[in-house]
Amino acid sequence: MRVGLLTGGGDCPGLNAVIRGVAKCLILHHRAEVVGVEDGFLGLIERRTRPLPYREVSGILTLGGTILGSSNIANPFSYYKQDNADVSEQVCEYCRLIGLDALVVIGGDGTMSIANGLAKMGMNIIGVPKTIDNDLMGTERTFGFDTAVSIVTEVVDRIHTTAQSHDRVMIIETMGRYAGWIALYAGLAGGADVILIPEIEYTVEDVAWVCRQREARGQNFTIIMIAEGARTQGGDMVVKQVVENSPDPVRLGGVGKALEQALSAQIDSEVRTTIPGHMQRGGTPTAFDRDLATAFGVYAGAMVAEGRFGHMVALQNNRLASVPFEEVANKTRMIPLNHPMIATAHATGVSFGLRDFDCRIESSHMEGIL
Ligand code: F6P
């Protein structure tokens with residue numbers, strides 16, 4: 001059996017752990033030959049692959065990034081280097097030519113949408129869910145998320161002490177695209193006073209009110225966590241850039257600065273903004289992400305051996321599972337407003353930037369999956 005392996009979309013801590021998990025499982029237990037595709041789908045389009053023997057995947061568990069490289073603009077159904085031509089037939093033909101029996105794609109929703117299209121054309125594909133954003137449908141966790149949350153939590157801890165020293169209002173802008181998972185989890189872990197997420201539209205007036213209330217209580221500093229996709233009531237998301245032809249063309253960014261300006265006009269304290277940016281995606285994965293990524297990889301290897309194609313590996317009710325690509329493609333998993341962490345934040349006095357916001361804080365209501 002010959003199995004191709006690629007990493008698509010933006011990189012994420014734990015990609016190498018998955019590569020290692022899939023490859024070791026297939027090489028050691030199924031005598032398979034593993035082929036690495038370079039730079040995501042770009043490698044399939046440009047016909048760039050290389051053998052991935054055991055020694056290549058050994059010693060990479062803790063490495064950040066991806067040994068295969070990745071691309072978040074290459075899409076075989078709309079190839080940016082050839083006037084957005086559909087080159088999917090050529091991709092399938094190349095996979096047949098090099099004798100691939102199956103392909104494992106490690107990526108986010110863009111990658112899963114492409115995988116869904118190729119699966120419909122008859123390719124034997126399995127997906128593994130990757131993204132620091134934790135926003136993939138069908139799985140309650142993606143690997144990389146835990147690492148991003150740890151990094152942002154450390155940022156909050158460090159910002160906390162300097163905010164206190166200077167009586168400042170400090171804004172921290174996180175990644176996460178259209179969902180607020182990173183901001184919510186890191187905000188809670190770091191003890192942020194305000195957490196602004198795309199799922200709950202905020203008002204600058206209510207954020208200013210929190211800062212003033214804290215000051216009135218003698219707490220002269222405020223920590224505000226804002227997800228890049230957060231927006232004011234009736235307002236728009238702040239877009240930094242549009243990357244033409246990318247499966248995910250809109251790049252968000254700048255919402256922290258926008259809030260800094262609006263808030264400065266309403267309060268006396270000095271307001272400053274910190275953006276951890278791509279630090280959230282770089283470096284070694286946490287222990288949890290190494291374990292999750294390895295288990296996802298091995299599970300994907302087992303699925304290949306069993307011929308269970310057209311599915312993405314998933315975590316459901318804290319168990320390994322799989323979901324059909326159809327249920328994942330082109331969807332975003334936002335934080336449901338009845339999520340236990342929303343209730344946890346609300347119950348501990350965290351503001352979502354909306355004075356009227358309320359949610360039930362009952363044990364029965366809080367029994368959902370974390
Ligand atoms: O999806 C991962 C992610 O890091 C998002 O949180 C962020 O919006 C986006 O990718 C940034 O993409 P790029 O690295 O292309 O700027």
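Remember, predicted model here, so these are calculated numbers, not experimental data.

**Focus on unusual backbone geometry**
The phi angle at arginine 31 is positive, at roughly 50 degrees, despite the residue not being glycine. Summarising the element assignment, arginine 31 is placed in the loop between α1 (15-30) and β2 (33-37). Of the residues examined, arginine 31 reaches a relative accessible area of 78% and is grouped as exposed. Its identity as a non-glycine residue notwithstanding, aspartate 83 has a phi of 50 degrees, on the positive side. Note on placement: aspartate 83 falls in the loop between α3 (54-57) and α4 (88-97). Residue classification places aspartate 83 among the exposed positions, given a relative accessible area of 77%.

**Some thoughts on the packing of α1 against helix α10 (residues 287-306)**
Two elements in contact, α1 and α10, have axes separated by 7 Å at closest approach and are oriented at 40 degrees. One element, α1, and the other, α10, form an angle in the oblique class. α10 is crossed by α1, and the crossing has right-handed handedness. Between α1 and α10, the contacting residues are Ala17, Val18, Arg20, Gly21, Val22, Cys25, Leu26 and His30 on the first element and Arg290, Ala293, Thr294, Gly297, Val298, Ala300, Gly301, Ala302, Val304 and Ala305 on the second. A per-class count over the contact of α1 with α10 returns 11 nonpolar, 5 polar and 2 charged.

**Overview of the domain arrangement of the chain**
The domains assigned to the chain are domain 1 (2-143 + 285-327) and domain 2 (149-280 + 336-366). Taken together, the contacts link 15 residues of domain 1 with 14 residues of domain 2. Between domain 1 and domain 2, a total of about 1200 Å² is buried, with carbon and sulfur atoms accounting for 50% of that surface. Per-residue buried area on domain 1 facing domain 2 is highest for Ile73, Ile132 and Asp133; these three make up 38% of the total on that side.

**Topic: the site of the ligand**
The environment of the ligand is formed by Asn72, Thr131, Ile132, Asp133, Met175, Gly176, Arg177, Glu228, Arg251, His278 and Arg281. Between asparagine 72 and the ligand, the recorded distance is 3.2 Å, taken from a side-chain N or O atom to an oxygen atom. Relative to its free-state accessible area of 400 Å², the ligand is covered by the protein chains to the extent of 81%. In terms of residue class, the shell around the ligand is made up of 2 nonpolar, 4 polar and 5 charged. Lining the shell around the ligand are residues from two domains, each supplying at least three of them: domain 1 (2-143 + 285-327) and domain 2 (149-280 + 336-366).

**What about helix α7 (residues 181-190)?**
Burial analysis of α7 places 8 of its 10 residues in the buried class, which makes it a mostly covered element. Buried residues of α7: Trp181, Ile182, Ala183, Leu184, Tyr185, Ala186, Gly187 and Gly190, and no others. Downstream of α7 by one or two residues, glycine 191 has phi in the positive range, about 70 degrees.

**Examining helix α5 (residues 109-120)**
Between the first and last C-alpha of α5 there are 16 Å, a value that for 12 residues agrees with the 16 Å anticipated at 1.5 Å per step. Along α5, the residues that are buried comprise Asp109, Thr111, Met112, Ile114, Ala115, Asn116, Gly117 and Leu118. Contacts made by the buried residues of α5 are with α2 (41-45), α4, β4 (102-107), β5 (125-129) and β12 (311-316). Phi turns positive one or two residues past the end of α5, at glycine 122, with a value near 105 degrees.

**A closer look at the sheet that holds strand β7 (residues 194-196)**
If you walk across this open sheet you meet the 4 strands as β7-β8-β6-β11, and the pairing is parallel. A strand with exactly one partner marks an edge of an open sheet, and here the two such strands are β7 and β11 (271-274). The sheet shows a mean angle of 20 degrees between the axes of neighbouring strands, taken without regard to direction.

**Some points on the environment of alanine 347**
Examined against the element boundaries, alanine 347 turns out to sit in helix α11 (residues 340-347). Since its relative accessible area comes to 46%, alanine 347 is described here as partly exposed. C-alpha of alanine 347 to C-alpha of arginine 360: the two residues are 13 residues apart in sequence and 9.1 Å apart in space.

About the criteria used
- Residues numbered from 1 in each chain as written.
- Predicted model: local features only at pLDDT ≥ 70, side-chain atom pairs only at ≥ 80, totals over all residues.
- Heavy atoms only, no water.
- Helix = DSSP H or I, 4+ residues; strand = E, 2+ residues; numbered from the N terminus.
- Buried < 20%, exposed > 50% of the residue type's maximum accessible area, 1.4 Å probe, protein only.
- Axes fitted to C-alpha atoms, helices over the stretch in contact; angles between N-to-C directions.
- Parallel < 35°, antiparallel > 145°, perpendicular 65-115°, else oblique.
- Left-handed = near helix turned anticlockwise from the far one by under 90°.
- Contact = heavy atoms within 4.5 Å.
- Nonpolar A, V, L, I, M, F, W, Y, C, P; charged D, E, K, R; others polar.
- Domains from an automatic or database assignment.
- Buried area = accessible area lost by both parts, 1.4 Å probe.
- Near = heavy atom within 4 Å.
- Polar contact = N/O pair within 3.5 Å; in protein donor to acceptor, adjacent residues only side chain to side chain.
- Areas by Shrake-Rupley, 256 points an atom, 1.4 Å probe, with all protein chains shown as cover.
- Expected span 1.5 Å × (residues − 1).
- Pairing = 2+ DSSP bridges.

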